[in-house]
Amino acid sequence: MDPINLALLAILFTIIVYLVHHARKVNQYWKERNIPYVQPYLFIGNTAPILFRTMSNGERVKDICDHFPNEPVVGYYDCMKPSIIIKDADIIEKILIKDFANFVDRGFPVDEKRNPLDSNLFAMTGKRWKAVRIRLSPIFTTGKLKLMYDAMADCGNELVNQMEGDQEIEMREILGRFAMDVIGSCAFGIDAGNLANPDNEFRTMGKKAFEFNTLQFFKLVILTNFPSLAKILNISFNRRDVQKYFTTIISDAIKHRRENDYQRNDFLQLLMQLQDKGYVEVHTKDPADEYLNIETSTYTTEKFEMTNEQLTGQAFVFLTAGFEGTTLSMMYTLYELSKNLDIQERVREEVQREVKTAGSLNYDAVKGMDYLEQCIKETMRKYPPSPMLFRVCTKDYTLPNGLTIEPGQGVLVSVLSLHYNPTYYPEPEKYKPERFDPDQMRPSCAYLPFGSGPRICIAMRFAMLEMKYCLAKLLMNYKFRVSPKTKEPLSFSVKTFFTAPSDKIYFNVSKVNE
């Protein structure tokens, strides 16, 4: 053999031997620390079922948790990256709330200079995240939500119009179109027209934003396991075509408003106010706004600037994040109400009562629908939109069992496992809205559909208002039963990060007065 080829072969062999040796060493990480774990494969760790599309991300992490029902923490191998899964609600509370300073970041690297549109509230880190969070919080106060309600109601009227005459409906599609119209209208003053025209580009691009194909999976692996390589390759998790489409819409809307001095009570206008003034005005405070942790005293002590790209990035993530989670939660609520007709009827009676008291399906009527909200909360327990929470340790932290989590190490919270823990929820497979009666007590971090602590979903109450309004509007007009066409028991899709069904759910729908 040629000496050069022989040398190259020897180098290749040495590299392979080194990589195998390194992978084996990595796979001993949790064994050396006496932490329970499921035996990993070389290079792909515990992700094989995700990689080969036999389980969703959330199901895989829950499956590992189920191997160790009595352990508060479990080791996990995210490919070549040892991470820790936290199962105990008290420890979760420490990480998300009490000792939040050690776990500020989510662990998704962002290159603000090369990808400014990725610099949004979800992915931002450290002091910059805190500065933006403080200033965005007033956008979601009670007063601001009331101003957005009328636009939401217009979408609801169109929703009912589109359902007229249908007897068997795949509700996820029509609810998704409603959610997109609500976000487009309430947040950006855009008449997206998804309900009237389901095949338009707005809807198509919105659905593409949540497709989790093989390429997206490998992007995630590189971003989370090899952030330096991701930076060199300029990898962004957002799909370029989807990002370009929505940011063009947002940029055009901003340009139109500035050139024509046009103002509207919506999310985009408040973002523009934030860019111009460095803060968003808060005229009144409501006790329900406490979770936003608004700190107006800091506005004058820190310099704050937001570029057009950063403004668009914040708008883009709110626009896309508002689609899928609310759609799925509304669909699953209708599914459970269709399986529990006595609960459906009780909700309908509450809706009719509150509408009669308020005079119409207005903001106050929806706010008073407590049992409907309990049903939505129980749905989000059984089907949490995001089955996992991600955090990364920013400085050494020692758990109660003596394990020290190192800076840069990933921390996972399996929301799905937590929500099905019989210690917190007896008979977890059953749908029981009474779990959320006001007198029911549970650990503060045993229920996490919106996360918790300083990084709790900032639009949580906007989402709840939207879901309550939509479901109330539907239940006022229609009765729902699951169609025999629906494949049961339900299974989860492996093609998305969300807790989405793998097959379509069909409903038999009839008018209430029939």
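The shown structure was predicted, so the numbers you read here are calculated from the model rather than taken from an experiment.

The next point concerns the overall build of the protein. Across its full length, the protein holds 19 helices and 9 strands. For a compact globule of 514 residues, the expected C-alpha radius of gyration is about 24 Å, and the protein comes in at 24 Å, within 12% of that figure. Here the protein holds 514 residues, and the buried ones make up 56% of them. Within the protein, counting contacts between residues at least 6 apart in sequence, those at least 24 apart form 74% of the total. When the accessible surface of the protein is split by element, carbon and sulfur atoms take 53% of a total near 23600 Å². For the protein, the centre of its 64 positive side-chain charges and the centre of its 64 negative side-chain charges are spaced 3 Å apart.

If you trace the backbone, threonine 486 turns up in the loop between strand E8 (478-482) and strand E9 (506-511). Leaving out residues up to four positions away in the same chain, threonine 486 has contacts with Lys504, Ile505 and Tyr506.

What sets the pattern is the α-helix's 3.6 residues per turn: residues three or four places apart point alike. With 18 residues, helix H8 (residues 171-188) extends 25 Å between its outermost C-alpha atoms, agreeing within 8% with the 26 Å of an ideal straight helix rising 1.5 Å per residue. Taking burial as the measure, the 18 residues of H8 include 16 buried ones, the bulk of the element. One side-chain oxygen at the N-terminal end of H8 lies 3.0 Å from the backbone nitrogen of arginine 172; it belongs to glutamate 170. Backbone geometry just after H8 places glycine 189 at a positive phi near 65 degrees.

The next thing to look at is the UniProt feature "transmembrane region" (unreviewed entry) in the protein. Here the UniProt feature "transmembrane region" (unreviewed entry) sits at residues 6-23. Secondary structure content for residues 6-23 is 100% helix and 0% strand, while the C-alpha to C-alpha distance between its ends is 26 Å.

Read from one edge to the other, the open sheet built from 3 strands follows the order E3-E9-E8, with strand pairing classed as antiparallel. Looking at strand neighbours, the two that pair on one side only are strand E3 (168-170) and E8, the edges of this open sheet. For this sheet, the mean angle separating the axes of adjacent strands, direction not counted, is 40 degrees. As judged from the 5 bridges shared by E8 and E9, these two strands associate in the antiparallel manner. Bridge assignment links tyrosine 478 to a residue of E9, and that residue is lysine 511. Relative to the sheet, helix H19 (residues 460-477) contacts E8 and E9, its axis offset from that of E8 by approximately 95 degrees.

With that settled, the discussion passes to the UniProt feature "binding site: heme" (unreviewed entry) in the protein. The positions UniProt marks with the feature "binding site: heme" (unreviewed entry) are Cys457. Relative to the helices and strands, cysteine 457 is located in the loop between helix H18 (415-419) and H19. The class for cysteine 457 is partly exposed, based on a relative accessible area of 31%.

Here we take up unusual backbone geometry. Following glutamate 488, the chain continues into proline 489 via a peptide bond in cis, with omega recorded as 0 degrees. Here proline 489 is to be found in the loop between E8 and E9. Backbone geometry at phenylalanine 43 places phi at a positive 70 degrees, although glycine is not the residue there. You can see phenylalanine 43 is positioned in the loop between helix H2 (29-32) and helix H3 (48-51). Look at glutamate 427: it is not a glycine, yet its phi comes out positive at around 50 degrees.

Another aspect to go through is empty space enclosed by the protein. On inspection of all chains with the given rule, the structure shows 3 cavities of 30 Å³ or more. Considering only enclosed or pocket space, the largest cavity measures out at about 310 Å³ in volume. For the lining of the largest cavity, the secondary structure elements donating two or more residues are helix H4 (57-66), strand E1 (73-78), strand E2 (81-86), helix H10 (214-225), strand E4 (388-392) and strand E7 (410-414). Residue classes in the lining of the largest cavity are distributed as 12 nonpolar, 6 polar and 4 charged.

Pairing between side chains of opposite charge can happen when the charged atoms of each approach one another. Enumeration over the complete set of coordinates arrives at 22 salt bridges. We note a salt bridge from arginine 33 to glutamate 32, for which the minimum N-O separation is 3.7 Å. Here aspartate 66 and lysine 62 are joined by a salt bridge, their closest N and O atoms 3.0 Å apart. Separated by 4 residues within a single helix, aspartate 66 and lysine 62 lie in helix H4, roughly one turn from each other. Among the charged side chains, a network of salt bridges with common partners joins Glu32, Arg33 and Glu406.

With that settled, the discussion passes to the side chain of lysine 382. With respect to the secondary-structure elements, lysine 382 resides in helix H17 (residues 370-382). A polar side-chain atom of lysine 382 sits 2.9 Å from the main-chain carbonyl oxygen of glutamate 429. Each residue touching lysine 382, except ones within four places of it in the same chain, is listed here: Glu336, Leu416, Tyr420, Pro428, Glu429, Lys430 and Tyr431.

As a further point, take the layout of surface pockets. If you add up the space inside the second largest pocket, you get close to 1000 Å³. If you trace the second largest pocket, you find 33 residues lining it, with Glu373, Lys377, Met460, Arg461 and Met464 closest to the centre. Sorting the residues of the lining of the second largest pocket by element identifies helix H7 (142-163), helix H16 (363-367), H17 and H19 as the ones contributing at least two each. With 5 residues, the top contributor of residues to the lining of the second largest pocket is H19. Of the residues assigned to the lining of the second largest pocket, the class counts are 17 nonpolar, 6 polar and 10 charged.

The next thing to look at is a nonpolar patch on the surface. Together, Ile4, Leu8, Ile11, Ile15, Tyr18, Leu19, Leu42 and Phe43 make up a nonpolar patch on the protein surface, roughly 770 Å² of accessible area in all. Here isoleucine 11 lies in helix H1 (residues 3-26). By relative accessible area, which is 48% here, isoleucine 11 ends up partly exposed.

A few words now on helix H14 (residues 308-339). Along its 32 residues, H14 runs 48 Å from first to last C-alpha, staying within 8% of the 46 Å computed at 1.5 Å per residue. With 28 of 32 residues buried, H14 lies mostly within the body of the structure.

Calculation notes
Residues numbered from 1 in each chain as written. Predicted model: local features only at pLDDT ≥ 70, side-chain atom pairs only at ≥ 80, totals over all residues. Heavy atoms only, no water. Helix = DSSP H or I, 4+ residues; strand = E, 2+ residues; numbered from the N terminus. Rg over C-alpha atoms; globule rule 2.2 N^0.38 Å. Buried < 20%, exposed > 50% of the residue type's maximum accessible area, 1.4 Å probe, protein only. Contact = heavy atoms within 4.5 Å. Areas by Shrake-Rupley, 256 points an atom, 1.4 Å probe, with all protein chains shown as cover. Lys, Arg positive; Asp, Glu negative; His and termini not counted. Charge placed at Lys NZ, Arg CZ, Asp CG, Glu CD. Expected span 1.5 Å × (residues − 1). Polar contact = N/O pair within 3.5 Å; in protein donor to acceptor, adjacent residues only side chain to side chain. UniProt positions renumbered as here; feature names shortened; annotations may be inferred. Pairing = 2+ DSSP bridges. Axes fitted to C-alpha atoms, helices over the stretch in contact; angles between N-to-C directions. 1 Å grid on protein atoms, 1.4 Å probe; cavity = no way out; pocket = protein on both sides within 12 Å on 5 of 7 lines; lining within 4 Å. Points joined across faces, edges and corners; volume = space filled by probe spheres on them. Nonpolar A, V, L, I, M, F, W, Y, C, P; charged D, E, K, R; others polar. Salt bridge = Lys/Arg side-chain N within 4 Å of Asp/Glu carboxyl O. Patch = residues over 30% accessible without salt bridge, like charges linked within 9 Å, V, L, I, M, F, W, Y side chains within 5 Å.

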